[in-house]
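Each chain is listed here by its residues.
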Amino acid sequence: MKLSQRITQLTGGGSDGWDVFYRARRMMSEGHPITELTIGEHDIRTDQAILDAMDLSARQGNTGYAIVPGNDLLRDTVAARVQARTGVPTSRNNVLITPGGQSALFAAHVAVCDPGDVGLYLDPYYATYPGTIRGAGATARAVQTWAADAFQPRAEDIDAAADGAVSLLINTPNNPTGVVYSRQTLKGIAEVCRKRDLWLISDEVYDTQVWDGVHISPRALPGMSDRTLVVGSMSKSHAMTGSRCGWVVGPEEVIAHLINLATHTTYGVPGFIQDAASFALNAGTDFEEEIAAPFRRRRALAVEILSAQNTIGLVPAQGAMYLMLDIRATGLSGEAFANALLDTHEIAVMPGESFGKAAAGHIRVAMTIEDERFAAALKTICDFAASLADSAAAE
Ligand code: PLP
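Residues numbered from 1 in each chain as written. Predicted model: local features only at pLDDT ≥ 70, side-chain atom pairs only at ≥ 80, totals over all residues. Heavy atoms only, no water.

A. Representation of the domain arrangement of the protein in the model. The domain boundaries assigned to the protein delineate domain 1 (5-45 + 286-394) and domain 2 (64-284). Centre-to-centre, using C-alpha coordinates, domain 1 lies 26 Å away from domain 2. Taken together, the contact between domain 1 and domain 2 spans 37 residues of the former and 42 residues of the latter. Between domain 1 and domain 2 lies a buried interface of about 3,100 Å² when both sides are counted; carbon and sulfur atoms form 56% of it. Contact with domain 2 buries surface across domain 1, with Glu-288, Gln-318 and Ala-358 losing the most and accounting together for 22% of the total. Counting across the interface, domain 1 meets domain 2 through two salt bridges. Put simply, Glu-288 and Arg-85 hold a salt bridge, and the shortest N to O gap is 3.1 Å. On inspection of domain 1 and its partner domain 2, the count reaches 23 residue pairs in polar contact (both at pLDDT 80 or more). (Domains from an automatic or database assignment. Contact = heavy atoms within 4.5 Å. Buried area = accessible area lost by both parts, 1.4 Å probe. Salt bridge = Lys/Arg side-chain N within 4 Å of Asp/Glu carboxyl O. Polar contact = N/O pair within 3.5 Å; in protein donor to acceptor, adjacent residues only side chain to side chain.)

Next comes the structure, spelled out in structure tokens:
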């Protein structure tokens, strides 16, 4: 039987640079003591107090169908949080609760893209982006960003790619680069969106993990609140990846349509998960800082370790759970370096090429293991890169 092109061509085919990841997983299952620095998941579990709130809610009976847009308490809590952080008036009618940020990304694209429309995204990119845009029926078109600009997107590159486009997907703080977009970058992006009449889909799931500078939500920029859909999530800010709870914030009319989409797709998020999310969001910023603290510490360790060598370049590590390391001085591609690192030192990292073309010659290191092991692994990576660079120079 024939399957739809939408589903068979979702991932776009071709080599995706994830071979090293699957190889590392295989080696782990064979008993190799792999140091795993690939995936963006906390090394702590969801806090006991959040689990208690979840348990209490479930035991009080919140195990039936929940109200589709999200319950009033959580929608109000998200709206108040967004308004407090951005100054943009936001009510529950601007908020749809979704099963995680990923589902919110899909819903946002379905809301604004028709089949045949172009959805823009920036390279390097979070792995699911092009498939999410294709899943919504649109054509995914990458816009290159440049290592020389520390991967801050150039407005003129977006403008040059915008023919036929209806939307632009951005992510700050950024996965995979760890870069936080500056006000100037975001002003440039906003200008192009207004000029080219683009929807801006702003993925802000790492907004509580900022080490340097400030996170600016582009929805708060002049003329942007009517054309911006913000994607948020409990996954990263509250170590609730498995709970699948996120949201879209946008204009009321869009949210009204997205409630229809949710009614015909997800049918909402379990009530006990929503109650746990409300509890977590009301637990205060100290709690969020505690969850972000291990990454803040490891990022400081990384800056110290990397500043003591000169083979590897560190892309400004301003936010999120990752370091993007420039290993071009070794003469290897990111993929070749990651494979060699896995074989020689049993350390698994992601090649930059897994995230598109723009981060070729880089590796992404997730800061997701305990500090001492993390520092030791990073030193090994530095020494390994230096020895490769020496051999390359001697040739
Ligand atoms: N956006 C980015 C940039 C991510 O890195 C992730 C997860 O790693 C997500 C969205 C999806 O997160 P979730 O669906 O867990 O909210």
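Picking up where we left off.
B. Looking closely at the pairing of strand E8 (residues 246-249). By the alternation rule, side chains of E8 split into Gly-246 and Val-248 and Trp-247 and Val-249, which are all buried. Sheet topology note: the strand E2 (residues 95-98)/E8 ladder contains four bridges and is antiparallel. Note that in E8 the partner of Val-95 across the bridge is Val-249. Relative to E8, strand E7 (residues 228-233) is paired through four bridges, and the arrangement is antiparallel. The residue bridging Val-231 from the neighbouring strand is Val-248, located in E8. (Buried < 20%, exposed > 50% of the residue type's maximum accessible area, 1.4 Å probe, protein only. Helix = DSSP H or I, 4+ residues; strand = E, 2+ residues; numbered from the N terminus. Pairing = 2+ DSSP bridges.)

C. Representation of the site of the ligand. Around the ligand, 15 residues are found, and the nearest of them are Gly-101, Asp-203, Ser-233, Ser-235 and Arg-244. In this structure, a nitrogen atom belonging to the ligand sits 2.5 Å away from a side-chain N or O atom of Asp-203. Calculation on the ligand without its partners gives an accessible area of 390 Å², and the protein chains cover 93% of this total. Per-element accounting of the shell around the ligand gives the leading share, four residues, to helix H5 (residues 100-112). Of the residues contributing to the shell around the ligand, the split by class is five nonpolar, seven polar and three charged. (Near = heavy atom within 4 Å. Areas by Shrake-Rupley, 256 points an atom, 1.4 Å probe, with all protein chains shown as cover. Nonpolar A, V, L, I, M, F, W, Y, C, P; charged D, E, K, R; others polar.)

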